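Overview (structure and organization)
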Amino acid sequence: MNTRSLLGDAANRAATYLEGLPSRSVAPGADAVAALVHFDRPLPEHPRDPSLVLSELDEYGSPGTGASAGGRYFGFVIGATLPAALAANMLATSWDQNAGLVVISPTTAKLESIALRWLLDALHLPPACAAGFVTGATMANFTCLAAARHTLLQRAGWDVEAQGLFGAPPLNVIVGDEVHVTVLKALAMLGLGRARVTRVPADAQGRMRAELLPPLDDRTILCLQAGNVNTGDVDPIAELIPRARAAGAWVHVDGAFGLWAAAAPKRAALVAGVENADSWALDAHKWLNVPYDSGVAICRDRDALRGATAVTAAYLVQGAEREPCEYTPELSRRARGVDVWAALSSLGRSGVAEMIERNCRQATRFATGLREAGYEILSDVVLNQVLVSFGDDETTRRVIAGIQSDGTCWCGGTVWHGRTAMRISVSSWATTDDDVELSLAAMIRVASEVHAVR
Ligand SMILES: *Cc1c(COP(=O)(O)O)cnc(C)c1O
């Protein structure tokens, strides 16, 4: 089979997969998961026809996937993929460009610069910010915190990139009690220590309590959060950022999904003042709905980011333009910014705002519908996240398991203020209002069945 028919076959299979999502169980069936043993075979001794490789992948692989590319997946915080971003990703994968250097790929370097400019515009962040396209918010947190470490230690007369942390002046890191685990992981990888942080207690919505903030100085990194994974709520950034910056501290905002509120006029008040921070971690594979993996590390000060991530070597030809590899931990990497460019190019400013606003409205509809059915909503719904209890912890756990095996939709569990809860995260362009009604009906049906047998 030639390359043209092979790729045509792949595109057809992809379209068939996506078209089938609305009518299949959102969780893969037990049979499909069991059938994955098909892949447990030794390394083939000899070459095989690529079309057989593809058909095997589709026949046994496709059914074993979770339908997170469809409209009724509400687990974790998972976006689907916009058609334009998916198609662009397929084409850009065919280009197989190493996006690290302009000289290797003028097209991807150009598109990443444009994507960055558009992102800053859509999110109302300062237009002079620098950024790197990384794998996700974990690496965005890591990269931004490396820039913070670089800058604060440089001001203290210490070159951390050259000397490491041995003998360096200590830095203080302040986080909220509801900090995302990946910020702590990033701090651990940076030698700043997971357990060495000062944790500020949180309020009922998971927001840092501003009145309990310890004193700040110019050796302090303050990590704020825009978008709590359980409640969707945001730390009091309008109050804390000016205080921190006045003290000379570095303010980092983990805005993996919550920062997108800035792009929707009706939700932007939630993150008012966020543009005054020093750095921001953003996911694109969550709420912008581009393919995995895709995140953005954004930094107000170009030199801070470059100071932490730039490399020089004689063979890495560098010109006058923005060299992508000077802003990311990676040297070689795929052109993530092309997917971001395609998503923004197809949605435009109003399309992004509409998608964010629609998902928020859909989250509120879930909360209203479940409350009317007699179930307890455990936090204020301010964005796209809903927490619901169906009774005691055991009952809620059974309802979650029942919903997952029912297959109409998929939601996961969490523990919120000591109580087991089901989380509903509405983060997909593909979620229609009909998907919400169908899913709500399924949740209520499963919950009443569980209650009937208890
Ligand atoms: C999802 C999330 C992360 C981690 O992002 P990845 O893309 O999974 O690396 C970090 N912080 C917050 C608030 C998140 O929601």
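About the criteria used
- Along each chain, residue indices are assigned from 1 in the same order as the chain's sequence is written.
- In keeping with the model being predicted, local features are shown solely for residues with a pLDDT of at least 70 and side-chain atom pairs are shown and tallied solely at 80 or more, while totals for entire chains, interfaces and linings include all residues.
- Values shown for side chains rest on all heavy atoms present in the structure; no hydrogens or waters enter the calculation.
- Near residues are defined by distance, with any heavy atom within 4 Å of the molecule or strand qualifying the residue.
- Any pair of nitrogen or oxygen atoms within 3.5 Å is treated as a polar contact; in protein, a donor-acceptor pairing is required on top of that, and neighbouring residues in sequence qualify only through side-chain atoms on both sides.
- Calculation of accessible area relied on Shrake-Rupley with a 1.4 Å probe; when residues are assessed, cover is drawn exclusively from the protein chains displayed.
- When residue character is reported, Ala, Val, Leu, Ile, Met, Phe, Trp, Tyr, Cys and Pro are called nonpolar, Asp, Glu, Lys and Arg charged, and the others, Gly included, polar.
- Pairing between strands requires that DSSP locate at least two bridges from one strand to the other.
- Under the DSSP-based scheme used, a helix requires at least four consecutive residues in state H or I and a strand at least two consecutive residues in state E, with every element numbered from the N terminus.
- Whenever a helix is involved, its axis is fitted only over the stretch in contact; in every case the axis is a line through C-alpha atoms, and angles between N-to-C directions fall within 0 to 180 degrees.
- Contact criterion: two residues are considered in contact whenever any of their non-hydrogen atoms come within 4.5 Å of each other.
- Within this document, salt bridges are pairs made up of a side-chain nitrogen of Lys or Arg and a carboxyl oxygen of Asp or Glu, the two lying within 4 Å of each other.
- We call Phe, Tyr and Trp rings a pair once their centres come within 6.5 Å, taking the six-membered ring for Trp, and we label the pair stacked below 30 degrees between planes, edge-to-face above 60, and tilted otherwise.
- Just so you know how the angles are binned, under 35 degrees is roughly parallel, over 145 roughly antiparallel, 65 to 115 roughly perpendicular, and the rest oblique.
- Accessible area is worked out with a 1.4 Å probe on protein chains only. A residue is then buried under 20% of its type maximum, exposed over 50%, and partly exposed in between.
- Definition used in this section: a nonpolar core is a set of buried Ala, Val, Leu, Ile, Met, Phe, Trp, Tyr and Cys residues joined via side-chain atoms within 4.5 Å.
- What makes a patch is a set of residues exposed beyond 30% relative accessible area and free of salt bridges, joined within 9 Å when like-charged and within 5 Å when nonpolar (Val, Leu, Ile, Met, Phe, Trp, Tyr).
- Those domain boundaries reflect an automatic or database domain assignment.

**Brief notes about the site of the ligand**
Near the ligand you find 14 residues, and of these T138, D254, D283, H285 and K286 are the closest. Here T138 contributes a side-chain N or O atom positioned 2.5 Å from an oxygen atom of the ligand. Measuring from an oxygen atom of the ligand, one finds a side-chain N or O atom of K286 at 2.8 Å. Notes on the ligand: free accessible area 380 Å², of which the protein chains cover 84%. Split into classes, the residues belonging to the shell around the ligand amount to four nonpolar, seven polar and three charged.

**Some words on the sheet that holds strand β3 (residues 198-200)**
The sheet built from seven strands is open, its strands ordered β1-β7-β6-β5-β4-β2-β3 with mixed pairing. The open sheet has two free edges, formed respectively by β1 (130-134) and β3, since each of these has just one partner strand. Each neighbouring strand pair of the sheet contributes to a mean axis angle of 20°, computed without reference to strand direction. Across the sheet, helix α5 (residues 106-123) lies against β1, β6 (279-283) and β7 (295-299), angled at about 110° from β1, the strand it touches most.

**A closer look at the sheet that holds strand β8 (residues 376-377)**
Two orientations exist for strands paired in a sheet by backbone hydrogen bonds: parallel and antiparallel. Pairing is antiparallel in the open sheet, where four strands are placed in the order β8-β9-β11-β10. Every interior strand has two partners, whereas the edge strands, β8 and β10 (412-416), have only one. The pairing of β10 with strand β11 (residues 419-425) spans five bridges and is classified as antiparallel. Opposite W416, over in β11, you have R419 as the bridge partner. Strands in contact with helix α11 (residues 336-372) are β8, β9 (385-389) and β11; relative to β9, the strand with the most contacts, it is inclined by about 15°. Contacts between helix α12 (residues 393-406) and the sheet are confined to β9, β10 and β11, with β11 contributing the most and set at about 30° to the helix.

**Description of the pattern of salt bridges**
Counted under the stated rule, the structure contains 26 salt bridges. Measuring nitrogen to oxygen at the nearest pair gives 3.1 Å for the salt bridge that ties D293 to R336. Remark: R336 occurs in helix α11 and D293 occurs in the loop between β6 and β7; sequence separation between them is 43 residues. Note that R358 and E354 form a salt bridge whose closest N and O atoms lie 3.0 Å from each other. Of the two residues, R358 and E354 are both situated in helix α11; the distance of four residues between them amounts to about one turn of the helix. Salt bridges linked by common partners bring D293, R334, R336 and D339 together as one network.

**Describing the packing of aromatic side chains**
Tallied over the entire structure, the rule returns five aromatic pairs. With a centroid separation of 6.4 Å and 80° between ring planes, the pair formed by F39 and Y60 is classed as edge-to-face. One end of the pair, F39, is in the loop between α2 (30-34) and α3 (50-61); the other, Y60, is in helix α3, and 21 residues separate them in sequence. Taken together, Y73, F76 and W410 form an aromatic cluster joined through their ring pairs.

**A closer look at the packing of helix α6 (residues 137-155) against helix α10 (residues 302-309)**
Viewed as axis vectors pointing N to C, α6 and α10 meet at an angle of 100°, and their least axial separation amounts to 8 Å. As the angle between them shows, α6 and α10 are arranged roughly perpendicular. Residues T143, A146, A147, H150 and T151 of α6 form the contact with α10, whose own contacting residues are D303, A304, L305, G307, A308 and T309. Across the contact of α6 with α10, the residue classes break down as five nonpolar, five polar and one charged.

**A word on the pairing of strand β4 (residues 220-225)**
β4 sits mainly inside the fold: six of its six residues count as buried. With four bridges joining them, strand β2 (residues 172-176) and β4 adopt parallel strand pairing. Its bridge partner being in β4, V175 is matched across the sheet by C223. Pairing of β4 with strand β5 (residues 250-254) involves five bridges; the strand directions are parallel. Bridging across to β5, C223 finds its partner in H252.

**Quick notes on the nonpolar core**
Formed by 56 residues in total, the largest nonpolar core has its most connected members in L224, W260, W280, L288 and I298. If you list the elements that add at least two residues to this core, you get α5, β1, β4, α9 (237-246), β5, β6, β7 and α11. Beyond its immediate sequence surroundings of up to four residues, L288 is in contact with L82, W260, V340, A343, L344, L347 and M355. Ranked by size, the runner-up nonpolar core spans 34 residues in total, among them L187, L190, V197 and A297.

**Quick notes on a nonpolar patch on the surface**
Taken together, the side chains of V33, L36, F39 and L57 make up a nonpolar region of the molecular surface, amounting to roughly 320 Å² of accessible area. Inspection of the secondary structure puts L57 in helix α3.

**Digging into the domain arrangement of the protein chain**
Along its sequence, the protein chain is organised into domain 1 (3-68) and domain 2 (87-343). Taking only C-alpha atoms into account, the centre of domain 1 sits 35 Å from that of domain 2.

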